[in-house]
Amino acid sequence: MTTSYDCTAADQRAAGLEHAQRAIREHKCVVFPTDTVYGIAADAFSPQAVTLLLASKGRSRKMPPPVLIPRLNALDGLATDVPAGARRLAEAFWPGGLTLILHAQPSLDWDLGETRGTVALRIPADDVAQDLLALTGPLAVSSANRTGHAAAQTAADAESQLAESVEVYLEGGHRPVEGTEALPSTIVDATALPLRVVREGAISLARLREVVPGVLGIGEEPADVVTTADGTDSPDSPAVVETPAGVVIPADGADSPDITGVPAVDDSPRN
């Protein structure tokens, strides 16, 4: 049975988080706010739960969901071969509107769909989302809407689209907070060097380059940027250039990089 909780009230928030934790443990889906839009979440390590999430959205395994994590130290548990430049971006912009596409740890027992060995990770800058992630650990998350429809900006919006396919709805008010611009997360492909922006969003290219000068923008080529093995630029080092197999940005607009192939992206909670 579907239950909604008003997380602006302390007692309902506590009850809602407890119910959501239990639902995740039982391989069910929950909806909760993020700093961008509302997301539908499932246990990232439960193929059954991820299948339910994709079915709820009307999406195939070709567009797997990204993963939201509770803290920076979860990065190395889920990803491997993390470039030093990507790590610096995470330290600078997490929690916040940055999604990193990385090589997934090959030993992990999960099935997010046809990812070709990649995973998209982000830490959301939202109190309700962080409280839930602290209870559940990493969650597969996509925007809380049916594919082809607008991303939900309240839990009630999400419920009108997803209905009984979700066990728990956590209502936290309008997302993004009213009066702020609705921007998706910026997505950076860190599976090859130089690091490359594959979707522009909340974090500008200029701000990324303040941390890692060698980051490439969309459509840019590294002709004049010489990149070292850690993703920074150096005039004395040979360039290291690889192009990912392909990046797909769905028209969905949501913000959880869904990864198709080498990184495919559907940034669900405009994460």
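Here the structure is shown first, and the text comes after it.
Anyway, here's the lowdown on the structure attached to this text.

Moving on, we come to the overall build of the protein. In terms of helices and strands, the protein carries seven helices and 13 strands. Counting only residues that meet the buried cut, the protein has 55% of its 271 residues in that class. Within the protein, residue pairs in contact and separated by at least 24 positions form 62% of the contacts whose partners lie at least 6 positions apart. For the protein, the accessible area works out to roughly 10,700 Å², and carbon and sulfur atoms hold 50% of it.

A separate point is the side chain of aspartate 189. Inspection of the secondary structure puts aspartate 189 in strand 10 (residues 186-189). Comment: no salt bridge for buried aspartate 189; closest opposite-charge side chain is arginine 196, at 6.0 Å. In terms of polar contacts, aspartate 189 uses its side chain to reach the side chain of threonine 191, at 2.6 Å.

The subject of this paragraph is the pairing of strand 7 (residues 118-122). Burial analysis of strand 7 places five of its five residues in the buried class, the great majority of the element. Burial of strand 7 is two-sided: the residues Thr118, Ala120 and Arg122 facing one way and the residues Val119 and Leu121 facing the other way are all buried. Where strand 4 (residues 67-68) lies against strand 7, two bridges are found, and the strand directions are parallel. Bridged to valine 67 within strand 7 is leucine 121. In the sheet, strand 6 (residues 98-104) pairs with strand 7 via four bridges, with the strands oriented antiparallel.

The next thing to look at is the environment of threonine 118. Here threonine 118 is to be found in strand 7. Given a relative accessible area of 3%, threonine 118 falls into the buried group. Sequence separation of threonine 118 and glutamine 105 is 13 residues, and the distance between their C-alpha atoms is 8.6 Å.

This part covers the packing of helix 1 (residues 10-25) against helix 5 (residues 127-136). Running from amino to carboxyl end, helix 1 crosses helix 5 at an angle of 45°, the nearest separation of the two axes being 10 Å. In terms of axis orientation, helix 1 runs oblique to helix 5. Where helix 1 crosses over helix 5, the handedness of that crossing is right-handed. Contacts from Arg13, Leu17, Ala20, Gln21 and Ile24 in helix 1 reach Asp127, Val128, Asp131, Leu132, Leu135 and Thr136 in helix 5.

We now examine helix 1. Look at helix 1: 23 Å from first C-alpha to last across 16 residues, which is about the 22 Å you get at 1.5 Å a residue. Here helix 1 has its buried residues at Gly16, Leu17, His19, Ala20, Ala23 and Ile24. In this fold, the buried residues of helix 1 make contact with strand 1 (3-6), strand 2 (30-33), strand 3 (38-43), helix 5, strand 8 (139-143) and strand 9 (168-171). Following helix 1 by one or two positions, histidine 27 adopts a phi angle in the positive range, close to 70°.

Conventions we followed
Residues numbered from 1 in each chain as written. Predicted model: local features only at pLDDT ≥ 70, side-chain atom pairs only at ≥ 80, totals over all residues. Heavy atoms only, no water. Helix = DSSP H or I, 4+ residues; strand = E, 2+ residues; numbered from the N terminus. Buried < 20%, exposed > 50% of the residue type's maximum accessible area, 1.4 Å probe, protein only. Contact = heavy atoms within 4.5 Å. Areas by Shrake-Rupley, 256 points an atom, 1.4 Å probe, with all protein chains shown as cover. Lys, Arg positive; Asp, Glu negative; His and termini not counted. Salt bridge = Lys/Arg side-chain N within 4 Å of Asp/Glu carboxyl O. Polar contact = N/O pair within 3.5 Å; in protein donor to acceptor, adjacent residues only side chain to side chain. Pairing = 2+ DSSP bridges. Axes fitted to C-alpha atoms, helices over the stretch in contact; angles between N-to-C directions. Parallel < 35°, antiparallel > 145°, perpendicular 65-115°, else oblique. Left-handed = near helix turned anticlockwise from the far one by under 90°. Expected span 1.5 Å × (residues − 1).

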